[in-house]
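# Secondary and tertiary structure notes
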Amino acid sequence: TSNTYLKILLHEVASCAGADLNFDPCILDHLLGVYSSMSEPDNQMDDWGSRVRRSLRRMVSTVASEERKEEMEEIARIVKGMLAEADATCLAIGVTIEDKDLFTAFDDMLKIFGTQECWGPADYEEEPA
């Protein structure tokens, strides 16, 4: 499945970026579910999902330091948004999430999306706005 592929890719990039993904697996499943739902056509989150995907692709490009700071701030907002419902999602399946797991997930996702060299070449195409 695509979630399995995304999980493998995320672990590879995390290893390169120095992120150990040492938080409750339910949070990772939630993040992959959010990303997958953003990728589905005709989803009501499609506009937001398109912006997120473009922002994530821009993160793997080489940019000047001031632009990089702005990109990291944007990624921080995106990751916070993606994690916003993790607690409720996990609780719905009987998993209680500790705050430290959410903080660790946030930090790891920033490392992952902020380490462009771990994502390979930055040859992406910008989606139309």
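Now for a quick tour of the structure.

What counts and how
Residues numbered from 1 in each chain as written. Predicted model: local features only at pLDDT ≥ 70, side-chain atom pairs only at ≥ 80, totals over all residues. Heavy atoms only, no water. Disulfide = S-S within 2.5 Å. Helix = DSSP H or I, 4+ residues; strand = E, 2+ residues; numbered from the N terminus. Buried < 20%, exposed > 50% of the residue type's maximum accessible area, 1.4 Å probe, protein only. Core = buried A, V, L, I, M, F, W, Y, C linked by side-chain atoms within 4.5 Å. Contact = heavy atoms within 4.5 Å.

Moving on, we come to the state of the cysteines. Per the stated rule, a full pass over the model turns up two disulfides. The partner cysteine of Cys16 in its disulfide is Cys118, sulfur to sulfur 2.1 Å. Measuring handedness by torsion sign, the sulfur bridge of Cys16 and Cys118 sits at about -75 degrees and is left-handed. Remark: Cys118 occurs in the segment after helix H6 (99-114) and Cys16 occurs in helix H1 (residues 2-17); sequence separation between them is 102 residues. A relative accessible area of 13% places Cys118 in the buried class. A disulfide bridge connects Cys26 with Cys90, and the sulfur atoms are separated by 2.1 Å. Torsion about the S-S bond of the Cys26 and Cys90 cystine: about -115 degrees, corresponding to left-handed handedness.

Turning our eyes to something else, we now look at the nonpolar core. Ranked by size, the top nonpolar core spans 31 residues in total, and within it Phe23, Ile27, Val79, Leu83, Met109 and Ile112 carry the most contacts. Among the secondary structure elements, those contributing two or more residues to this core are H1, helix H2 (25-39), helix H4 (65-83), helix H5 (86-92) and H6. In terms of residues, this core owes the most to one element, H6, which gives seven residues. Not counting residues up to four positions away in its chain, the partners in contact with Met109 are Leu10, Leu21, Phe23, Leu31 and Val79.

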